[in-house]
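Summary of the model geometry
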Amino acid sequence: MALSDTNVYEYLKAVAARRDDTLRELYANAGACRCIFESLPDLAKQYVMRLVPCGEIWVVLDEWVAEGAALEQHRESCERLSELRIMEKRAAQGGKEEYRLHTQFREQMLEWLCGSEKGRWQRAPAATKDKGTTVEAMQASASKKWEKVLQFMLSGGEPPSPTVVEVLRKLKLIDAQHTIRSEGYSYLLHDLSTQLWLFVRMYIESASERAQIVQRFGSEDGRFGDGCLAVEEGTTVTLLPVAAPAPLTEGGAQWWRVRHAKQPGDTKAPPEGRVPAECVERHRAAEMLVFLFQLSFVQLGQDVGIEQLTAGQRQFKEELADIGLVYRRKSNSRRFYATRLALQLATFKGEAGGVEPPPASAGGESALGAALGGEAWSVIVESNFKVYAYTASEHIVLLLNLFLRVEYLLPNLVVGTITDKSINEAFDRGITATQILSFLGNHAHPRMSSGRGAAVPETVADQIYLWERELPRNRIAHSDAMLYDQWPSLDVFRRVVGRAHELGAHRWSSEEGMLLVVSAEKHASMDSFYRSLMR
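Predicted model only: the values in this text are computed from it and were never measured. (Residues numbered from 1 in each chain as written. Predicted model: local features only at pLDDT ≥ 70, side-chain atom pairs only at ≥ 80, totals over all residues. Heavy atoms only, no water.)

Below, the discussion takes up the overall build of the chain. If you tally the helices and strands in the chain, you get 21 helices and 17 strands. Residues classed as buried in the chain amount to 46% of the 535 residues present. When contacts within the chain are restricted to residue pairs at least 6 apart in sequence, those whose partners lie at least 24 apart make up 67%. Put simply, the chain shows about 27000 Å² of open surface, and 49% of that area lies on carbon and sulfur atoms. (Helix = DSSP H or I, 4+ residues; strand = E, 2+ residues; numbered from the N terminus. Buried < 20%, exposed > 50% of the residue type's maximum accessible area, 1.4 Å probe, protein only. Contact = heavy atoms within 4.5 Å. Areas by Shrake-Rupley, 256 points an atom, 1.4 Å probe, with all protein chains shown as cover.)

Laid out in structure tokens, this is it:
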């Protein structure tokens, strides 16, 4: 997964392209449908709203647009609706295309528009209320947990949890020795919402990989066919034939549909039809996405009972609690709460989605910086390359150290200077000039960002870009080439050089030394021409 894939739409588009059951299961949930609807362009939303009450009818959407009016937005909306399979399309008369809303999506949208409570999470029973739980306590806990992840990336130390380390490695942010990589430095300069969305997305993908999926348990007696059912009993799971007449839950035990054996290539059913519990696929992507989408409808400070969650969602909740998106007072608590950023994450469009940076608050705190209840901090950049950061956070000081020469550390102020050495060290870590300037601009002090001038003075921004252009990798272009020498005669050499110019393959030549360098991709054509001359 690329770090540039930072918005929900791109992820759902990739899910739709896989043609599995994930989208179908998402469209069976009203909360998920509403969040996906919110991520659509305005014109696409209008098309959906017009068609929801009309039943399963086919319409030619091109007829809804006047000739020459908003055709680009119309095509974009139709394309996005088709890519997410919200609308089906088919050929119509006259070379046009007809569209129809996905049946499940339309039904769930209708449920939502009619105010149905179906599928919505309910508050936990009053008898299990957490005493002393406040929004401030939740936000402070969330901020501390996410800062622990960032500090682990920057300076090592005790890992937050094995799952967090696994996700960071799969994102290629750290290596096997837990040392930060160049991609990790770039990740740290993303805004907070982008960081968390990338992390959660990779968790969903890696969790699906951990759920070892094999389509058949080929026991010799034939008891176990494709897609066995299983019932969890402590640390083991009992497999039953797919035709076994059993409810999904019975006697408090949880039933699962088993799709994989424990070891890749293992086609034999385990003895007595029992496998370890981790062999069962319980971390399904659809379950976790539905959890995220439903989480966005929970009010800040509102508790939710865990009885409404599937076993896979309960595990997902625990992992989100490790990074601060979900709060529970105790590890065995029967209720949980959504933090402020979790409420925004489901419909987050991300940097790749073209969203403007969030505005700073009057107190100097960026909206993203405060999303987890973290410390308010801001930065001032002067035209003489001096930087003043109003912060006492250790991990923010570490971030500034990536591209700044820190000179003074005061109780609530960091003073430093942008130098060619500090910037080039940042470039060596894989950080770009755009990321540095975006980071400084997103956290600019309100008096810097609200004025007529830029948040970062033009002289400073231009110099940082100039230092980047002066890097050897930006001044020298590398390409594969072929060197020709040992020519039979000067005449043949000149004719081949002329042919290289005609093909656009010429890179360098010396008539004195009878040497010729051509692009490697044109070698076959050059070789063919040379052989024709030698016949």
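This part takes up empty space enclosed by the protein. Rolling a probe over the atoms, with the probe sized like a water molecule, indicates the empty space that remains. Inspection of the entire model under this criterion finds two cavities of 30 Å³ or more. Taken as a whole, the second largest cavity holds about 50 Å³ of empty space. In this structure, the second largest cavity is lined by Ser 161, Thr 163, Val 164, Phe 199, Val 200, Tyr 203, Glu 319, Leu 320, Asp 322 and Ile 323. Elements represented by at least two residues in the lining of the second largest cavity include exactly helix 8 (162-170), helix 10 (192-210) and helix 12 (311-323). The element best represented in the lining of the second largest cavity is helix 12, accounting for four residues. Counted by class, the lining of the second largest cavity contains six nonpolar, two polar and two charged residues. (1 Å grid on protein atoms, 1.4 Å probe; cavity = no way out; pocket = protein on both sides within 12 Å on 5 of 7 lines; lining within 4 Å. Points joined across faces, edges and corners; volume = space filled by probe spheres on them. Nonpolar A, V, L, I, M, F, W, Y, C, P; charged D, E, K, R; others polar.)

This paragraph deals with the nonpolar core. One finds Leu 26, Val 48, Ile 86, Ile 323, Phe 403, Ile 436 and Ile 464 to be the most contacted residues of the largest nonpolar core, which totals 113 residues. Filtering out sequence-adjacent residues up to four positions away, Ile 323 remains in contact with Ala 142, Lys 145, Trp 146, Val 149, Val 164, Leu 196, Phe 199 and Val 200. Counting 11 residues, the second largest nonpolar core, distinct from the first, contains Trp 487, Val 492, Val 497 and Ala 505. (Core = buried A, V, L, I, M, F, W, Y, C linked by side-chain atoms within 4.5 Å.)

What follows concerns helix 20 (residues 490-503). The end-to-end C-alpha separation of helix 20 is 20 Å, in line with the 20 Å expected for 14 residues at 1.5 Å each. Taken together, the buried positions of helix 20 are occupied by Val 492, Phe 493, Val 496, Val 497 and Ala 500. End-on, the buried residues of helix 20 take up no more than an arc of 135 degrees, which puts them together on one face. Here the buried face of helix 20 lies against strand 16 (506-510), strand 17 (515-519) and helix 21 (523-534). Just beyond helix 20, the residue with positive phi is Gly 504, at close to 70 degrees. (Expected span 1.5 Å × (residues − 1). Arc of directions from axis to C-beta.)

For the rest of this paragraph, the subject is the confidence of the model for the chain. Per-residue pLDDT for the chain has a mean of 75; in total, 74% of the residues score no lower than 70. Here residues 210-237 scores under 50 on pLDDT; set against residues more than four positions off or in separate chains, the count is 103 contacts. (pLDDT = per-residue confidence, 0-100.)

Reading across from one edge, 15-17-16 is the order of the three strands in this open sheet, with antiparallel pairing throughout. Unpaired on one side and paired on the other, strand 15 (481-484) and strand 16 mark the two borders of the sheet. On average, each strand axis in the sheet is inclined to that of its neighbour by 10 degrees, with strand direction left out of account. With four bridges connecting them, strand 16 and strand 17 associate as antiparallel partners. Paired with Trp 508 across the bridge in strand 17 is Val 517. Along the sheet face, helix 20 touches strand 16 and strand 17 and points at about 160 degrees away from the line of strand 16. (Pairing = 2+ DSSP bridges. Axes fitted to C-alpha atoms, helices over the stretch in contact; angles between N-to-C directions.)

Quick look at the side chain of His 506 now. With respect to the helices and strands, the residue His 506 is situated in strand 16. Within the local environment of His 506, its side chain forms a polar contact with the side chain of Ser 509, the two groups lying 2.9 Å apart. Apart from residues lying up to four places away in sequence, His 506 is in contact with Val 497, Ala 500, His 501, Leu 516 and Val 517. (Polar contact = N/O pair within 3.5 Å; in protein donor to acceptor, adjacent residues only side chain to side chain.)

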